[in-house]
Amino acid sequence: MEDDRGSWAGPGGLRVTAVRLTGAHRVLAEYAGVHGDSAFLVTRNGMLAGRGYYASVEELAEDVDLAELHPA
């Protein structure tokens, strides 16, 4: 995910976005226990969903059904 940036949408206003962890994203991600240069941000209708930030696709798949996502 280093240079890959993307955004995916799912049912019920779900959105998954690959983000660089800088500024406010870094602070919120570290609070959620995610460290590194990038993460997946998960929101539903504009509000954080689940843990909010996920370090890997594997972690994301524990809370989000990846089969329901499509490019946004």
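Residues numbered from 1 in each chain as written. Predicted model: local features only at pLDDT ≥ 70, side-chain atom pairs only at ≥ 80, totals over all residues. Heavy atoms only, no water.

A. Region of interest: the overall build of the chain. Scanning the chain from terminus to terminus reveals two helices and five strands. For the chain, the succession of helices and strands along the chain, N to C, is β-β-α-β-β-α-β. Its C-alpha atoms give the chain a radius of gyration of 11 Å, near enough to 11 Å, the size a compact globule of 72 residues would have. Viewed in the frame of its principal axes, the chain has a C-alpha envelope of about 30 × 25 × 20 Å. Put simply, the chain has 72 residues, and 32% of those count as buried. The long-range fraction of contacts in the chain, counting pairs at least 24 apart against all pairs at least 6 apart in sequence, stands at 40%. Surface accessibility of the chain: about 4500 Å² in total, with carbon and sulfur atoms responsible for 52%. Computed over 6 positive and 11 negative side-chain charges, the inter-centroid distance for the chain is 8 Å. (Helix = DSSP H or I, 4+ residues; strand = E, 2+ residues; numbered from the N terminus. Rg over C-alpha atoms; globule rule 2.2 N^0.38 Å. Buried < 20%, exposed > 50% of the residue type's maximum accessible area, 1.4 Å probe, protein only. Contact = heavy atoms within 4.5 Å. Areas by Shrake-Rupley, 256 points an atom, 1.4 Å probe, with all protein chains shown as cover. Lys, Arg positive; Asp, Glu negative; His and termini not counted. Charge placed at Lys NZ, Arg CZ, Asp CG, Glu CD.)

B. Layout of the sheet that holds strand β4 (residues 47–54). The antiparallel open sheet is built from five strands, whose spatial order is β4-β3-β2-β1-β5. Across the chains shown, the open sheet's two edge strands, defined by having one partner strand only, are β4 and β5 (70–71). Sheet topology places strand β1 (residues 7–9) next to strand β2 (residues 14–20); three bridges connect them, and they run antiparallel. By the bridge assignment for β2, S7 is matched with T17. Across the sheet, helix α1 (residues 23–31) is in contact with β2, β3 (38–44) and β4; its angle to β4 comes to roughly 80°. (Pairing = 2+ DSSP bridges. Axes fitted to C-alpha atoms, helices over the stretch in contact; angles between N-to-C directions.)

C. Inspection of unusual backbone geometry at higher detail. Located in the positive-phi region is N45, a residue other than glycine, with phi close to 55°. Considering the arrangement of structural elements, one finds N45 in the loop between β3 and β4.

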